[in-house]
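Report on the structure
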Amino acid sequence: MLEIGALRYQFPGADPEIMQFDLSVAAGEVLSLIGPSGSGKSTLLNLIAGFLKPDSGHIHVDGEAIEHLPIAQRPVTIVFQQHNLFPHLDLYTNVALGVDPSLKLSTEQDQLIEDALESLALSGLEKRKPGELSGGQRQRIALARVLVRERKVLLLDEAFAALGPAQREELIVLVKALVERKKMAALLVSHQPRDALIASDRTAFVQNGRIIALQPTRQLLEETDLVEVRSYLGSL
Ligand code: ADP
Ligand code: MG
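Below: a short report on this structure.

With respect to the side chain of Asp 90
When you line up the elements, Asp 90 lands in the loop between strand S6 (76-80) and helix H2 (91-99). A relative accessible area of 13% means that Asp 90 is categorised as buried. Among the polar contacts listed, one links the side chain of Asp 90 to the side chain of Thr 93, at a separation of 2.7 Å. Leave out the neighbours within four places in its chain, and Asp 90 touches Glu 126, Lys 127, Arg 128 and Lys 129.

Things to note about H2
A large share of H2 lies buried, amounting to nine of its nine residues. Along its buried surface, H2 packs onto helix H3 (107-119) and helix H4 (135-149). For H2, the N-terminal cap is Asp 90; the gap from its side-chain oxygen to the backbone nitrogen of Tyr 92 is 3.3 Å.

Overview of the sheet that holds strand S4 (residues 56-61)
Sheet architecture is open: four strands sit in the order S2-S1-S4-S5, paired in antiparallel fashion. Each edge of the open sheet is held by one strand with a lone partner, namely strand S2 (19-25) and strand S5 (64-65). One ladder, built from two bridges, connects S4 with S5; its direction is antiparallel. If you follow His 60 over to S5, its bridge partner there is Ala 65.

Structural notes on the site of ligand 1
In the vicinity of ligand 1, twelve residues are found, and the nearest of them are Gly 38, Gly 40, Lys 41, Ser 42 and Thr 43. Separating an oxygen atom of ligand 1 from a side-chain N or O atom of Thr 43 is a distance of 2.5 Å. Considering ligand 1 on its own, with 570 Å² of exposed area, one finds that the protein chains cover 60% of that surface. Considering each element in turn, the shell around ligand 1 owes the most residues, three residues, to helix H1 (residues 41-49).

Comments concerning unusual backbone geometry
Of note in this structure, Lys 183 is not a glycine but carries a positive phi near 55 degrees. Topologically, Lys 183 is positioned in the loop between helix H5 (165-182) and strand S8 (185-189). Positive phi outside glycine occurs at Asn 208, with the angle close to 50 degrees. With respect to the element layout, Asn 208 can be found in the loop between strand S9 (202-207) and strand S10 (210-216).

Focus on the pairing of S2
By the criterion of burial, S2 is predominantly enclosed, with five of the seven residues buried. Note: strand S1 (residues 2-9) against S2, six bridges, orientation antiparallel. Bridge pairing links Ile 4 to Leu 23 in S2.

Here we look at the nonpolar core
By size, the foremost hydrophobic cluster in this structure holds 37 residues, and its most contacted members are Leu 154 and Phe 160. Where this core is concerned, the elements lending two or more residues are H2, H3, H4, strand S7 (153-157), H5, S8 and helix H6 (193-199). For this core, the element with the most residues is H4, which contributes seven residues. Residues within four places of Phe 160 in sequence aside, it is in contact with Gln 139, Leu 143, Arg 168, Leu 171, Ile 172 and Val 175. Core analysis: the next-biggest nonpolar cluster, separate from the first, contains 29 residues, Leu 33, Leu 44, Leu 47 and Leu 187 among them.

Some remarks on the sheet that holds S9
What the six strands build is an open sheet, ordered S6-S7-S8-S3-S9-S10; its pairing is mixed. Of all the strands in the sheet, just S6 and S10 have a single pairing partner and so form its edges. On average, each strand axis in the sheet is tilted by 20 degrees relative to the strand beside it, whichever way the strands run. Sheet strands touched by H1: strand S3 (30-34), S6, S7, S8 and S9. Its angle to S7, the strand with the most contacts, is close to 150 degrees. Against the sheet, H4 makes contact with S6 and S7, and its axis sits at roughly 175 degrees relative to S6, the strand it touches most.

Cut-offs used in this document
- Residues numbered from 1 in each chain as written.
- Chains lettered and ligands numbered in written order.
- Predicted model: local features only at pLDDT ≥ 70, side-chain atom pairs only at ≥ 80, totals over all residues.
- Heavy atoms only, no water.
- Helix = DSSP H or I, 4+ residues; strand = E, 2+ residues; numbered from the N terminus.
- Buried < 20%, exposed > 50% of the residue type's maximum accessible area, 1.4 Å probe, protein only.
- Polar contact = N/O pair within 3.5 Å; in protein donor to acceptor, adjacent residues only side chain to side chain.
- Contact = heavy atoms within 4.5 Å.
- Pairing = 2+ DSSP bridges.
- Near = heavy atom within 4 Å.
- Areas by Shrake-Rupley, 256 points an atom, 1.4 Å probe, with all protein chains shown as cover.
- Core = buried A, V, L, I, M, F, W, Y, C linked by side-chain atoms within 4.5 Å.
- Axes fitted to C-alpha atoms, helices over the stretch in contact; angles between N-to-C directions.

Here it is, written out as C-alpha coordinates:
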(Lines give C-alpha, C1' and ligand atoms only; values in the text may rest on other atoms or scores of the structure.)
(Ligands and ions follow the chains in the order given, each with its own letter.)
Protein backbone atom coordinates (compact mmCIF):
# COMPACT_ATOMS: atom_id res chain seq x y z
CA MET A 1 0.00 0.00 0.00
CA LEU A 2 2.92 2.32 0.78
CA GLU A 3 5.48 1.90 -1.99
CA ILE A 4 8.81 3.68 -1.97
CA GLY A 5 11.07 3.27 -4.98
CA ALA A 6 14.59 4.56 -5.66
CA LEU A 7 13.93 7.46 -3.32
CA ARG A 8 17.15 9.45 -3.26
CA TYR A 9 18.14 12.27 -0.99
CA GLN A 10 21.28 14.14 -0.05
CA PHE A 11 21.41 16.88 2.57
CA PRO A 12 22.69 20.00 0.79
CA GLY A 13 26.42 20.28 1.28
CA ALA A 14 26.46 17.36 3.75
CA ASP A 15 27.47 13.67 3.64
CA PRO A 16 29.05 12.65 0.37
CA GLU A 17 27.02 9.46 0.40
CA ILE A 18 23.56 9.81 -1.09
CA MET A 19 20.70 8.08 0.68
CA GLN A 20 18.47 5.75 -1.31
CA PHE A 21 15.42 3.90 -0.05
CA ASP A 22 13.29 1.13 -1.53
CA LEU A 23 10.52 -0.26 0.63
CA SER A 24 6.93 -1.37 0.63
CA VAL A 25 4.54 -1.66 3.54
CA ALA A 26 1.23 -3.53 3.28
CA ALA A 27 -2.16 -2.28 4.48
CA GLY A 28 -2.51 -3.29 8.13
CA GLU A 29 1.24 -3.73 8.62
CA VAL A 30 3.53 -2.06 11.17
CA LEU A 31 7.04 -2.35 9.75
CA SER A 32 9.83 -1.57 12.21
CA LEU A 33 12.94 0.38 11.22
CA ILE A 34 16.06 -0.07 13.29
CA GLY A 35 19.63 1.05 12.77
CA PRO A 36 22.38 3.21 14.26
CA SER A 37 21.90 6.90 15.04
CA GLY A 38 22.55 8.94 11.92
CA SER A 39 21.74 6.05 9.56
CA GLY A 40 18.84 7.91 7.93
CA LYS A 41 15.69 6.60 9.65
CA SER A 42 14.27 10.05 10.43
CA THR A 43 15.28 11.27 6.99
CA LEU A 44 13.21 8.51 5.39
CA LEU A 45 10.20 9.39 7.55
CA ASN A 46 10.60 13.11 6.84
CA LEU A 47 10.73 12.40 3.09
CA ILE A 48 7.46 10.46 3.35
CA ALA A 49 5.81 13.15 5.48
CA GLY A 50 7.00 15.89 3.13
CA PHE A 51 9.31 17.82 5.45
CA LEU A 52 12.11 17.00 3.01
CA LYS A 53 11.90 16.91 -0.79
CA PRO A 54 13.51 13.88 -2.46
CA ASP A 55 16.08 14.46 -5.21
CA SER A 56 14.40 11.66 -7.22
CA GLY A 57 12.30 8.54 -6.84
CA HIS A 58 8.71 7.89 -5.90
CA ILE A 59 6.40 7.49 -2.92
CA HIS A 60 3.08 5.87 -3.76
CA VAL A 61 0.09 5.35 -1.48
CA ASP A 62 -2.50 2.99 -2.94
CA GLY A 63 -0.89 3.54 -6.34
CA GLU A 64 -1.05 7.34 -6.21
CA ALA A 65 2.14 9.40 -6.27
CA ILE A 66 2.38 11.65 -3.21
CA GLU A 67 5.99 12.85 -3.43
CA HIS A 68 4.97 16.16 -5.03
CA LEU A 69 2.12 16.92 -2.63
CA PRO A 70 2.47 19.59 0.06
CA ILE A 71 2.73 18.29 3.63
CA ALA A 72 -0.89 18.98 4.58
CA GLN A 73 -2.26 17.11 1.56
CA ARG A 74 -0.30 13.92 2.13
CA PRO A 75 -2.24 10.96 3.53
CA VAL A 76 0.32 10.76 6.33
CA THR A 77 0.43 11.33 10.09
CA ILE A 78 3.79 11.51 11.85
CA VAL A 79 4.24 11.16 15.62
CA PHE A 80 7.46 12.29 17.27
CA GLN A 81 8.92 11.66 20.71
CA GLN A 82 8.33 15.30 21.44
CA HIS A 83 4.53 15.38 21.24
CA ASN A 84 3.34 18.53 19.45
CA LEU A 85 0.58 19.44 21.88
CA PHE A 86 -0.45 22.99 22.68
CA PRO A 87 0.13 23.38 26.44
CA HIS A 88 -2.52 26.09 26.92
CA LEU A 89 -5.30 24.12 25.19
CA ASP A 90 -7.24 21.25 26.75
CA LEU A 91 -7.05 17.66 25.58
CA TYR A 92 -10.25 17.84 23.55
CA THR A 93 -9.11 20.93 21.64
CA ASN A 94 -5.68 19.46 21.02
CA VAL A 95 -7.30 16.44 19.35
CA ALA A 96 -9.92 18.56 17.53
CA LEU A 97 -7.13 20.58 15.87
CA GLY A 98 -6.12 17.35 14.12
CA VAL A 99 -9.56 17.21 12.48
CA ASP A 100 -10.00 20.87 11.55
CA PRO A 101 -7.54 23.66 12.40
CA SER A 102 -10.42 26.17 12.39
CA LEU A 103 -12.22 24.05 15.02
CA LYS A 104 -15.56 24.30 13.20
CA LEU A 105 -16.61 20.75 13.88
CA SER A 106 -19.71 18.99 12.65
CA THR A 107 -21.67 16.68 14.95
CA GLU A 108 -20.09 13.71 13.15
CA GLN A 109 -16.60 15.08 13.70
CA ASP A 110 -17.38 15.69 17.33
CA GLN A 111 -18.53 12.08 17.64
CA LEU A 112 -15.36 10.92 15.87
CA ILE A 113 -13.30 12.67 18.54
CA GLU A 114 -15.35 11.25 21.42
CA ASP A 115 -15.00 7.75 19.95
CA ALA A 116 -11.25 8.17 19.54
CA LEU A 117 -10.86 9.39 23.13
CA GLU A 118 -12.93 6.50 24.39
CA SER A 119 -10.99 3.86 22.47
CA LEU A 120 -7.76 5.28 23.94
CA ALA A 121 -9.13 5.38 27.50
CA LEU A 122 -9.02 9.20 27.58
CA SER A 123 -12.74 9.79 28.18
CA GLY A 124 -13.38 12.10 31.12
CA LEU A 125 -10.04 13.87 30.69
CA GLU A 126 -11.26 16.22 27.91
CA LYS A 127 -10.80 19.40 29.95
CA ARG A 128 -7.29 18.59 31.20
CA LYS A 129 -4.30 20.51 29.87
CA PRO A 130 -1.33 18.45 28.60
CA GLY A 131 0.66 19.44 31.71
CA GLU A 132 -1.97 17.76 33.89
CA LEU A 133 -1.53 14.40 32.19
CA SER A 134 1.11 11.66 32.42
CA GLY A 135 3.64 11.06 29.64
CA GLY A 136 1.75 7.92 28.59
CA GLN A 137 -1.54 9.82 28.45
CA ARG A 138 0.07 12.57 26.37
CA GLN A 139 1.29 10.04 23.81
CA ARG A 140 -2.21 8.55 23.75
CA ILE A 141 -3.50 12.02 22.79
CA ALA A 142 -1.09 11.85 19.87
CA LEU A 143 -2.66 8.49 18.95
CA ALA A 144 -6.16 9.97 19.28
CA ARG A 145 -5.09 12.56 16.71
CA VAL A 146 -3.90 9.74 14.47
CA LEU A 147 -7.36 8.19 14.70
CA VAL A 148 -9.31 11.36 13.95
CA ARG A 149 -7.07 12.39 11.06
CA GLU A 150 -7.92 9.12 9.26
CA ARG A 151 -4.76 9.17 7.14
CA LYS A 152 -3.54 5.97 5.53
CA VAL A 153 0.11 6.16 6.48
CA LEU A 154 1.36 6.36 10.07
CA LEU A 155 4.97 7.21 10.91
CA LEU A 156 6.29 6.87 14.47
CA ASP A 157 9.75 8.35 15.01
CA GLU A 158 10.93 7.11 18.40
CA ALA A 159 7.48 8.25 19.53
CA PHE A 160 7.50 6.27 22.78
CA ALA A 161 11.20 6.49 23.58
CA ALA A 162 10.66 8.53 26.75
CA LEU A 163 8.31 5.95 28.28
CA GLY A 164 9.15 2.93 30.40
CA PRO A 165 8.96 -0.61 28.94
CA ALA A 166 5.45 -1.41 30.23
CA GLN A 167 3.90 1.83 28.91
CA ARG A 168 5.77 1.46 25.63
CA GLU A 169 4.44 -2.06 25.19
CA GLU A 170 0.89 -0.90 25.96
CA LEU A 171 1.06 1.86 23.36
CA ILE A 172 2.69 -0.33 20.72
CA VAL A 173 -0.04 -2.94 21.19
CA LEU A 174 -2.59 -0.12 20.75
CA VAL A 175 -0.86 1.11 17.59
CA LYS A 176 -0.75 -2.39 16.14
CA ALA A 177 -4.47 -2.91 16.73
CA LEU A 178 -5.26 0.53 15.31
CA VAL A 179 -3.22 -0.06 12.17
CA GLU A 180 -4.81 -3.47 11.60
CA ARG A 181 -8.34 -2.17 12.19
CA LYS A 182 -7.93 0.90 9.99
CA LYS A 183 -5.82 -0.91 7.35
CA MET A 184 -3.12 1.74 7.61
CA ALA A 185 0.52 1.22 6.67
CA ALA A 186 2.87 2.13 9.53
CA LEU A 187 6.60 2.58 10.02
CA LEU A 188 7.90 2.38 13.59
CA VAL A 189 11.38 3.66 14.43
CA SER A 190 12.69 2.49 17.79
CA HIS A 191 16.02 1.68 19.39
CA GLN A 192 14.43 -1.07 21.48
CA PRO A 193 14.60 -4.47 19.74
CA ARG A 194 11.72 -5.58 21.96
CA ASP A 195 9.48 -2.88 20.41
CA ALA A 196 10.10 -4.36 16.97
CA LEU A 197 9.33 -7.87 18.25
CA ILE A 198 6.00 -6.70 19.69
CA ALA A 199 5.00 -4.50 16.75
CA SER A 200 6.27 -6.12 13.60
CA ASP A 201 6.37 -9.33 11.62
CA ARG A 202 9.02 -7.71 9.44
CA THR A 203 11.82 -5.34 10.39
CA ALA A 204 14.20 -3.33 8.21
CA PHE A 205 17.75 -2.45 9.19
CA VAL A 206 19.00 0.93 7.99
CA GLN A 207 22.68 1.76 7.64
CA ASN A 208 24.37 4.64 5.79
CA GLY A 209 21.15 5.80 4.18
CA ARG A 210 20.12 2.38 2.83
CA ILE A 211 17.98 -0.50 3.95
CA ILE A 212 20.57 -3.26 4.04
CA ALA A 213 18.30 -6.00 5.42
CA LEU A 214 14.56 -6.59 5.61
CA GLN A 215 13.60 -9.83 7.32
CA PRO A 216 11.14 -11.44 9.70
CA THR A 217 11.78 -9.56 12.95
CA ARG A 218 12.90 -12.48 15.09
CA GLN A 219 15.23 -13.73 12.37
CA LEU A 220 16.81 -10.28 11.95
CA LEU A 221 17.24 -9.76 15.69
CA GLU A 222 18.24 -13.23 16.78
CA GLU A 223 19.62 -15.21 13.87
CA THR A 224 21.28 -12.79 11.52
CA ASP A 225 24.83 -13.24 10.28
CA LEU A 226 25.04 -9.63 9.15
CA VAL A 227 27.96 -8.02 10.95
CA GLU A 228 26.32 -4.57 10.78
CA VAL A 229 23.18 -5.78 12.56
CA ARG A 230 25.08 -7.79 15.18
CA SER A 231 27.35 -4.88 15.89
CA TYR A 232 24.34 -2.55 16.28
CA LEU A 233 22.66 -5.01 18.65
CA GLY A 234 25.87 -5.57 20.59
CA SER A 235 25.78 -9.31 19.93
CA LEU A 236 29.07 -9.68 18.08
P1 ADP B 1 18.60 8.68 12.28
O2 ADP B 1 17.19 9.14 12.41
O3 ADP B 1 18.72 7.29 11.74
O4 ADP B 1 19.37 8.82 13.56
P5 ADP B 1 18.89 10.95 10.50
O6 ADP B 1 17.97 10.63 9.39
O7 ADP B 1 18.45 11.95 11.50
O8 ADP B 1 19.35 9.59 11.21
O9 ADP B 1 20.26 11.46 9.90
C10 ADP B 1 20.89 10.80 8.81
C11 ADP B 1 22.15 11.53 8.40
O12 ADP B 1 21.81 12.80 7.87
C13 ADP B 1 23.14 11.79 9.52
O14 ADP B 1 24.43 11.60 9.02
C15 ADP B 1 22.89 13.23 9.86
O16 ADP B 1 24.07 13.83 10.34
C17 ADP B 1 22.51 13.83 8.55
N18 ADP B 1 21.57 14.95 8.74
C19 ADP B 1 20.39 14.91 9.41
N20 ADP B 1 19.79 16.11 9.39
C21 ADP B 1 20.61 16.93 8.69
C22 ADP B 1 20.54 18.31 8.30
N23 ADP B 1 19.50 19.06 8.63
N24 ADP B 1 21.58 18.81 7.58
C25 ADP B 1 22.62 18.04 7.23
N26 ADP B 1 22.74 16.74 7.55
C27 ADP B 1 21.75 16.19 8.27
MG1 MG C 1 16.13 9.85 14.07
